[in-house]
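# Report on the structure
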Amino acid sequence: FPRATQALAQALACLEGVDASFARGRILINWGCVDFQWGQYDAAESRWRAALALVQGKHPEENALALNNLAVVATVRGDLEEAWQLYDQALALYQTCQASPQVTLTYYNMGMVRADQERWDEALELYERSLEVCRATRNRFHEPVIELNRAEALLGQGNLVEARQACGRALRSFHRRD
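It should be emphasised that the depicted structure is a prediction, and the values quoted were computed from it without experimental measurement.

## Some points on the packing of aromatic side chains
The geometry of an aromatic ring pair is captured by the separation of the ring centres together with the interplanar angle, meaning the angle of the planes. Tallied over the full model, the rule gives four aromatic pairs. Relative to Trp48, the ring of Phe36 has its centre 6.0 Å away and its plane inclined at 35 degrees; by these criteria the two rings are tilted. Of this pair, Phe36 sits in helix α2 (residues 21-37) while Trp48 sits in helix α3 (residues 41-55), and the two are 12 residues apart along the sequence. By the burial criterion, Phe36 is buried, and Trp48 matches it. Consider the rings of Tyr108 and Tyr127, whose centres lie 6.0 Å apart with planes at 40 degrees: the pair is tilted. Residue Tyr108 is found in helix α6 (residues 102-116), and its partner Tyr127 is found in helix α7 (residues 120-137); the two are separated by 19 residues along the sequence. Neither residue differs from the other here; Tyr108 and Tyr127 are each classed as buried.

## Some words on the environment of Asn63
Here Asn63 lies in helix α4 (residues 60-76). Relative accessible area serves as the criterion here: at 5%, Asn63 is assigned to the buried category. When residues no more than four places from it in sequence are discounted, the contact partners of Asn63 are Leu52, Val55, Gln56, Gly57 and Leu93.

## Comments concerning unusual backbone geometry
At Glu118, a position not held by glycine, the phi torsion is positive, near 60 degrees. Position of Glu118 relative to the elements: it lies in the loop between α6 and α7. Look at Glu118 and you get exposed, because its relative accessible area is 58%. Notably, Arg138 is not glycine yet its phi reads approximately 55 degrees, a positive angle. Counting through the fold element by element, Arg138 comes out in the loop between α7 and α8 (143-156). Among the residues examined, Arg138 registers a relative accessible area of 76% and is labelled exposed.

## Quick look at a nonpolar patch on the surface
Together, Val145, Leu148 and Phe174 line one region of the surface with nonpolar side chains, adding up to about 210 Å² of accessible area. For Phe174, a relative accessible area of 31% corresponds to the partly exposed category.

## Considering the layout of surface pockets
In this structure, the largest pocket encloses a volume near 350 Å³. Lining the largest pocket are 20 residues; nearest its centre among them are Phe36, Asn68, Asn69, Val72 and Asn109. Elements with a minimum of two residues in the lining of the largest pocket: α2, α4 and α6. Here the residues of the lining of the largest pocket sort into 11 nonpolar, seven polar and two charged.

Scoring rules and cut-offs
Residues numbered from 1 in each chain as written. Predicted model: local features only at pLDDT ≥ 70, side-chain atom pairs only at ≥ 80, totals over all residues. Heavy atoms only, no water. Phe/Tyr/Trp six-rings, centres within 6.5 Å; stacked < 30°, edge-to-face > 60°. Helix = DSSP H or I, 4+ residues; strand = E, 2+ residues; numbered from the N terminus. Buried < 20%, exposed > 50% of the residue type's maximum accessible area, 1.4 Å probe, protein only. Contact = heavy atoms within 4.5 Å. Patch = residues over 30% accessible without salt bridge, like charges linked within 9 Å, V, L, I, M, F, W, Y side chains within 5 Å. Areas by Shrake-Rupley, 256 points an atom, 1.4 Å probe, with all protein chains shown as cover. Salt bridge = Lys/Arg side-chain N within 4 Å of Asp/Glu carboxyl O. 1 Å grid on protein atoms, 1.4 Å probe; cavity = no way out; pocket = protein on both sides within 12 Å on 5 of 7 lines; lining within 4 Å. Points joined across faces, edges and corners; volume = space filled by probe spheres on them. Nonpolar A, V, L, I, M, F, W, Y, C, P; charged D, E, K, R; others polar.

What follows is the structure, given as structure tokens:
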């Protein structure tokens, strides 16, 4: 983590005096991801908010990515209503862009929020949307994890048969990745 943050700090320093809001925003988004993985949620949130300030109104996909990441922090902190609002804003921005694989994760994350709230029907609908985007963008990397979360929601509904089928699909998808 320290090497990654050092490299990102150097990249940011290289842009000193240059009008490069997109590049700065992207660096801050990536740096926030490093902070988040390191467990430094406050630092991650701060970098994502700074990135958002740089790209807002200029780069919708980067803006949406920063909002999506801020929603993840809100979810981790247990503020599911704020998370939902941020995901909703991100989704609206993604819809103004070309088909982005990131939409997969936004729907998936929104499904996890609804699952945390035990709103199983809504969670399943969002997981299905996420899978549709996976297929439409031919980015099937996240399918197995989405299927596992679908299984949890199906169990929440008491639907053991379909939950088992979702687990089977997840297992087959994991095997295809090997």
